[in-house]
Amino acid sequence: MLHRNLIGGDWVSGEASVNINPSNTDQVVGEYARASAEDTKAAIAAARTALPEWSRSPILERHVILRKTADEILARKEDLGRLLAREEGKTLPEAIGEVTRAGQIFDFFAGEVLRLSGEVLPSVRPNIGVEITREPVGVVGIITPWNFPIAIPAWKMAPALAYGNTVVLKPADLVPGSAWALVDILHRAGAPAGVVNLVMGRGSVAGQTLLDSPDVNALTFTGSAGTGRRVAASSIEHNRKFQLEMGGKNPFVVLDDADLSVAVEAVANSSFFSTGQRCTASSRLIVTEGIHERFVAALTEKLKSLVVDDALKAGIHIGPVVDESQLKQDLDYIGIGRSEGARLAFGGERLERETPGFYLAPALFTEATNDMRIAREEIFGPIAAVIRVRDYDEALAVANDTSFGLSSGIATTSLKHAIHFKRNSEAGMVMVNLPTAGVDFHAPFGGRKGSSYGPREQGRYAAEFYTTVKTAYTLA
Ligand code: UN1
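Residues numbered from 1 in each chain as written. Predicted model: local features only at pLDDT ≥ 70, side-chain atom pairs only at ≥ 80, totals over all residues. Heavy atoms only, no water.

### A word on the overall build of the protein
- Tallying secondary structure elements over the protein gives 15 helices and 23 strands in all.
- Over its C-alpha trace the protein gives a radius of gyration of 23 Å, about what one expects of a compact globule, namely 23 Å for 476 residues.
- Overall, the C-alpha framework of the protein stretches about 70 × 65 × 40 Å when taken along its three principal axes.
- Split into buried and exposed, the 476 residues of the protein put 58% on the buried side.
- Of the roughly 18,600 Å² of accessible surface on the protein, a fraction of 52% belongs to carbon and sulfur atoms.
- The averaged location of the 56 negative side-chain charges in the protein is 3 Å from the averaged location of its 49 positive side-chain charges. (Helix = DSSP H or I, 4+ residues; strand = E, 2+ residues; numbered from the N terminus. Rg over C-alpha atoms; globule rule 2.2 N^0.38 Å. Buried < 20%, exposed > 50% of the residue type's maximum accessible area, 1.4 Å probe, protein only. Areas by Shrake-Rupley, 256 points an atom, 1.4 Å probe, with all protein chains shown as cover. Lys, Arg positive; Asp, Glu negative; His and termini not counted. Charge placed at Lys NZ, Arg CZ, Asp CG, Glu CD.)

Below is the structure:
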């Protein structure tokens, strides 16, 4: 079956591509249409036409559509999780977890629709009232990455729709299946024609058409820094609101007083689970010298116990890398780390399994320094580098010495260091004795420096991006 794009309420076909399972490259997950530039322009036009009515739609109508969407996602989390694991390669439990998160996000924003509110202030002038309300921004273009094929489309679409915007979603070309399933659910849940539009396809065609359109009022993007800069440049040219979530080079600090098992569990999760393919992954492990040997030994033992195999197999910990080019990038960086003088203490080799797939043993470098490329550039694979430091002060300085600032973590039993780190870490999200990745769906998400631009995503903070504030003065 060919999965088609949704434009103005109609399923539209066109040139198609196949979606391949990275756990078994002989397996086709499905056939998906690729939107042309004309299709994308038609989707933007449909979103514009639908805007006046949707932006004034009764809140109960919006609530019901979002609620039905949440209910169906949660009821189908097993089969949607299977689809996600097959197209992206994360393990089935991780994939079901991601689908659950998508359902919870729709549930949260279904509730938010019923809690829309404004403010009333007295004016500083007599007999004048001031009303502050939030209005939708308009047509929202949404460009999402391959590593969270359903959660990221959900956390951008749910608030966009809740606050009365219409959307054009352009999911990653590599993993259109989960996004298609989500749009199909929204369509059947009653989203009126043109309110939700789907343009699967190439970034250079569908994505570029969104960037070039003067009719897209806001653009939200998660992906690489390079594309983020293009989104920014085009958005400034078109006077468009934009929001970017880009890379990370997240530090995880382990202090001498850490509980070793807490530190090892947090690092195994945030550096290696989801195959390290999260912008919140920790790739710089900054370890003080008193615990360094014990930490490296315990983490190495842990890595030996992790099973890398087909994402759908029971009992596995790490699925394949998403595709050939990402695997090549990972292997290239492993070579770069060695040539820079870091020691490959574990893993890093391509693995053969029963099925042909992009399997890579999790890689741990030691003796790394913070100026090496493996410590400065985002790799986006199951690769982490241990940097030895003298004490907490040096650990904090190294943690902050990066052009990124998404998330950071620390393992410590010292209240003093935990509090100091929370205050002084230059990251948008700070984790104490927890992995740097894997965040709640109702709390603000986002970073600083080269990681992010614009307001936070998720939870009530999402309103900042998806609405525009109106201040009205009345003399009465
Ligand atoms: C998480 O760690 O729970 O692309 C979410 C990413 C992030 C999402 C991470 N935007 O990896």
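### So, helix H2 (residues 59-75)
- Taking 1.5 Å per residue as the helical rise, H2 with its 17 residues ought to reach 24 Å, and the 24 Å between its terminal C-alpha atoms agrees with that figure.
- What H2 keeps buried is the set Arg-62, His-63, Ile-65, Leu-66, Thr-69, Ala-70 and Ile-73. For H2, the buried positions fall inside an angular range of 165° around the axis, keeping them on one side. Seen from the open side of H2, the exposed residues pointing more than 90 degrees away from its buried face are Leu-60 and Ala-75. (Expected span 1.5 Å × (residues − 1). Arc of directions from axis to C-beta.)

### Here's the deal with the UniProt feature "domain: Aldehyde dehydrogenase" (unreviewed entry) in the protein
- The feature "domain: Aldehyde dehydrogenase" (unreviewed entry), as annotated in UniProt, sits at residues 13-471 in this numbering.
- Its end C-alpha atoms 44 Å apart, residues 13-471 is made of 42% helix and 22% strand. (UniProt positions renumbered as here; feature names shortened; annotations may be inferred.)

### Quick look at a negative patch on the surface
- A cluster of acidic residues, Asp-256, Glu-289, Asp-391 and Asp-393, forms a negative patch on the protein surface.
- Tracing the backbone shows Asp-391 in the loop between strand S19 (383-389) and helix H13 (392-400).
- For Asp-391, a relative accessible area of 33% puts it in the partly exposed group. (Patch = residues over 30% accessible without salt bridge, like charges linked within 9 Å, V, L, I, M, F, W, Y side chains within 5 Å. Salt bridge = Lys/Arg side-chain N within 4 Å of Asp/Glu carboxyl O.)

### Re the pairing of strand S13 (residues 250-254)
- For S13, the tally of buried residues reaches five of five residues, placing the bulk of the element in the interior.
- By the alternation rule, side chains of S13 split into Asn-250, Phe-252 and Val-254 and Pro-251 and Val-253, which are all buried.
- Where S13 and strand S14 (residues 282-288) come together, five bridges link them in parallel fashion. Residue pairing for S14: Val-254 is matched across the bridge by Val-287.
- Where the polypeptide runs from S13 across helix H9 (residues 260-272) and back to S14, its parallel neighbour, the crossover connection is right-handed.
- Direction of pairing for S13 relative to strand S20 (residues 407-411): parallel, over a ladder of three bridges. Note on S20: the bridge partner recorded for Phe-252 is Gly-409. (Pairing = 2+ DSSP bridges. Right-handed = clockwise from strand over helix to strand, strands pointing away.)

### Some remarks on the UniProt feature "active site" (unreviewed entry) in the protein
- Using the residue numbers shown here, the UniProt feature "active site" (unreviewed entry) corresponds to Glu-245.
- Of note, Glu-245 is situated in strand S12 (residues 241-245).
- With sequence-adjacent residues up to four places away left out, Glu-245 is seen in contact with Phe-221, Thr-222, Gly-223, Leu-406, Phe-445, Gly-446, Gly-447, Ser-451, Ser-452 and Glu-457. (Contact = heavy atoms within 4.5 Å.)

### Remarks on the domain arrangement of the protein
- Here the protein is partitioned into domain 1 (2-246 + 451-475) and domain 2 (250-432).
- A C-alpha centroid distance of 31 Å is found between domain 1 and domain 2.
- On the domain 2 side, the residues contacting the 23 residues of domain 1 number 27 residues.
- Between domain 1 and domain 2, roughly 2,000 Å² of surface is buried when both sides are summed, and carbon and sulfur atoms account for 60% of that area.
- For the domain 1 face of the interface with domain 2, the top three residues by lost area are Ser-23, Trp-146 and Ser-451, together amounting to 25%.
- Taken together, domain 1 and domain 2 are joined by zero salt bridges.
- Our count for the domain 1 to domain 2 interface comes out at 10 residue pairs in polar contact (both at pLDDT 80 or more). (Domains from an automatic or database assignment. Buried area = accessible area lost by both parts, 1.4 Å probe. Polar contact = N/O pair within 3.5 Å; in protein donor to acceptor, adjacent residues only side chain to side chain.)

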